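Spelled out, the chains give:
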Amino acid sequence: MNLASIPSPSTGVIELGPIPLRGYAFCIIIGVFVAVWFGNKRWIARGGKAGTVADIAVWAVPFGLVGGRLYHVITDYQLYFSEGENWVDAFKIWEGGLGIWGAIAFGAVGAWIGCRRRGIPLPAWADALAPGIAFAQAIGRWGNWFNQELYGKPTDLPWAVEISEGANRVAGTYHPTFLYESLWCIGVALLVIWADRRFSLGHGRAFALYVAAYCAGRGWIEYMRVDEAHHILGLRLNVWTAIIVFLLAVVYIVVSARLRPGREEIVEPDRDTTPGKDSDKDGSAKADADAKDAEQHAEAKKDPISKDEPGTGRTAESTEAAAEKG
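Draft legend 1. The arrangement of the overall build of the protein in detail. Summing up its helical and strand segments, the protein has 11 helices and 6 strands in all. Taken over 326 residues, the protein has a buried fraction of 38%. When the accessible surface of the protein is totalled, it reaches about 19100 Å², and 65% of it is carbon and sulfur.

This is the structure in structure tokens:
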């Protein structure tokens, strides 16, 4: 019998009149705000403009949510398309089920679109956002606690999570893998912040470090989980994914450091590169210069400037007039 454990919420939904507040969605939303807020601070410190991170996040977040859900539905299709299941449930994102691999991949596509529209290098933006993403994951994992899902093997440790009887789950105490991953993500964020300050990581290497560090932890945490999953050669699919992505991230760090050492000096151009406004600033400056030149030219025609004759105190025009008179 456990003397201590982590109780699970009796429900993952709080009803405010006709509006249901779902714990899972609430954690995701808070995580997004934290990522954008912290990413904005890092972007400004790198020489970027306030608000740019949020502008690009408008593209990255929706793409990330779609990608995360697609990855989950595809890799766990039996939960939605097997006999006796309702395929409509595949669209119920509030009930849980976001694959981080799909979220990062599709989110990167959305971020690339946003960065391209602003004339900003995607690797620099990703570097600024990297620890914020890790903090967001740390917060988002508590959504699994609200839904009583993605727990580990049975245990009687003092920090075991209590799971109640429900669909596809047996009451008992289990390893709180959501808590393990949440704490790991906080550690990853702190590691990236330290390494970025210590080594001035640039050209996407801070983001690659975040990916590699997260995968290292996700591998062993995933191995502890007992929820249904596909296996390849005895390992869960997500474990293989973590291994492959980890290796790719490490290779990127090594190759990038050799090809593009140092950090970007300019992460955001001064001029506005928004489509339709590419030359607003330059065009305005040119128009002002042209107007000034025209004004000076008009004054020159109206009152031409002459040089004084040395030693006489008279202008060349007055001397010429006097000669004609004489």
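Draft legend 2. Layout of the side chain of threonine 52. Examined against the element boundaries, threonine 52 turns out to sit in helix H2 (residues 52-75). Since its relative accessible area comes to 0%, threonine 52 is described here as buried. Engagement of the side chain of threonine 52 in a polar contact is seen with the backbone oxygen of lysine 49, the distance being 3.2 Å. In this view, threonine 52 contacts Trp43, Arg118, Ile120, Trp125 and Glu268; residues no more than four positions away in its chain are not counted.

Draft legend 3. Layout of the packing of aromatic side chains. In this structure the tally under the stated criterion is 13 aromatic pairs. What links up through ring pairs into an aromatic cluster is the set Trp101, Phe207, Tyr210 and Tyr214.

Draft legend 4. Broad picture of the environment of phenylalanine 199. Its location among the elements puts phenylalanine 199 in helix H7 (residues 177-199). A sequence separation of 63 residues divides phenylalanine 199 from glycine 262, and the C-alpha atoms of the two residues are 8.6 Å apart.

Draft legend 5. The nonpolar core, seen in detail. Membership of the largest hydrophobic core comes to 37 residues, with the highest contact counts inside it found for Trp43, Trp101, Trp125, Val192 and Tyr210. Residues Ile6, Ile163, Tyr174 and Leu179 belong to the second largest nonpolar core, which totals 8 residues.

Draft legend 6. Quick look at the pattern of salt bridges. Within the structure shown, the criterion is met by 12 salt bridges. A salt bridge links arginine 263 to aspartate 196; the shortest N-O distance between them is 2.7 Å. In this pair, arginine 263 sits in the loop between helix H9 (237-259) and helix H10 (280-302) while aspartate 196 sits in helix H7, placing the two residues 67 residues apart along the sequence. Look at aspartate 196 and you get buried, because its relative accessible area is 5%. Salt bridges linked by common partners bring Arg141, Glu181, Arg218, Glu222, Arg225, Asp227 and Arg236 together as one network.

Draft legend 7. Seen up close, a nonpolar patch on the surface. Nonpolar side chains collect at one region of the surface, where Ile243, Ile244, Phe246, Leu247, Leu248, Val250, Val251, Val254, Val255 and Leu259 lie side by side and expose about 880 Å² of accessible area between them. For valine 254, the position within the fold is in helix H9. Judged by relative accessible area, valine 254 falls into the partly exposed class, the value being 40%.

Draft legend 8. Structural context of helix H8 (residues 205-224). Look at H8: 29 Å from first C-alpha to last across 20 residues, which is about the 28 Å you get at 1.5 Å a residue. Most pronounced at arginine 218, the bend in H8 amounts to some 25 degrees. For H8, the buried fraction is high: 16 of the 20 residues fall into the buried class.

Draft legend 9. Inspection of the environment of glutamine 78 at higher detail. Along the polypeptide, glutamine 78 turns up in helix H3 (residues 78-81). Taking C-alpha positions, glutamine 78 is 9.6 Å from glutamate 228, a pair spaced 150 residues apart along the chain. In contact with glutamine 78, other than residues within four places in its own chain, are Glu85, Glu228 and His230.

Draft legend 10. Here's a closer look at unusual backbone geometry. You will see that histidine 203, though not glycine, has its phi angle at about 55 degrees, which is positive. Judged by its relative accessible area of 10%, histidine 203 falls in the buried class. Even without being a glycine, leucine 233 presents a positive backbone phi close to 55 degrees. Looking at the element boundaries, leucine 233 is found in the loop between strand E5 (231-232) and strand E6 (235-236).

Draft legend 11. Structural detail: H9. Spanning 23 residues, H9 covers 33 Å between terminal C-alpha atoms, matching the ideal 33 Å at 1.5 Å per step. All of the buried residues along H9 are Asn238, Val239, Thr241, Ala242, Ala249 and Ser256. Buried positions along H9 lie against H2, helix H4 (100-118), H8 and E6.

Draft legend 12. Summary view of the packing of H4 against helix H5 (residues 122-140). Between H4 and H5, the shortest axis-to-axis distance is 12 Å and the interhelical angle comes to 145 degrees. The two elements H4 and H5 cross, and the hand of that crossing is right-handed. Here Ile100, Ile104, Ala108, Ala111, Trp112 and Cys115 of H4 lie close against H5, whose contacting residues are Leu122, Trp125, Ile133 and Gln137. Classifying every residue of the contact of H4 with H5 gives 9 nonpolar, 1 polar and no charged.

Draft legend 13. Structural detail: the environment of isoleucine 30. Considering the arrangement of structural elements, one finds isoleucine 30 in helix H1 (residues 23-45). Since its relative accessible area comes to 33%, isoleucine 30 is described here as partly exposed. When the C-alpha atoms of isoleucine 30 and glycine 140 are compared, they prove to be 7.8 Å apart, with 110 residues separating the residues in sequence.

Draft legend 14. A look at the confidence of the model for the protein. On average, residues of the protein score 82 in pLDDT, and 80% of them reach the 70 mark or higher. Here residues 271-286 is modelled with pLDDT under 50, and outside its nearest four sequence neighbours on either side it reaches 15 contacts, counting other chains as well. With pLDDT under 50 throughout, residues 319-326 is counted as low confidence; its partners more than four residues away or in other chains account for 3 contacts.

Rules used in this analysis
Residues numbered from 1 in each chain as written. Predicted model: local features only at pLDDT ≥ 70, side-chain atom pairs only at ≥ 80, totals over all residues. Heavy atoms only, no water. Helix = DSSP H or I, 4+ residues; strand = E, 2+ residues; numbered from the N terminus. Buried < 20%, exposed > 50% of the residue type's maximum accessible area, 1.4 Å probe, protein only. Areas by Shrake-Rupley, 256 points an atom, 1.4 Å probe, with all protein chains shown as cover. Polar contact = N/O pair within 3.5 Å; in protein donor to acceptor, adjacent residues only side chain to side chain. Contact = heavy atoms within 4.5 Å. Phe/Tyr/Trp six-rings, centres within 6.5 Å; stacked < 30°, edge-to-face > 60°. Core = buried A, V, L, I, M, F, W, Y, C linked by side-chain atoms within 4.5 Å. Salt bridge = Lys/Arg side-chain N within 4 Å of Asp/Glu carboxyl O. Patch = residues over 30% accessible without salt bridge, like charges linked within 9 Å, V, L, I, M, F, W, Y side chains within 5 Å. Expected span 1.5 Å × (residues − 1). Bend = angle between axes of the 7 residues up to and from the residue. Axes fitted to C-alpha atoms, helices over the stretch in contact; angles between N-to-C directions. Left-handed = near helix turned anticlockwise from the far one by under 90°. Nonpolar A, V, L, I, M, F, W, Y, C, P; charged D, E, K, R; others polar. pLDDT = per-residue confidence, 0-100.

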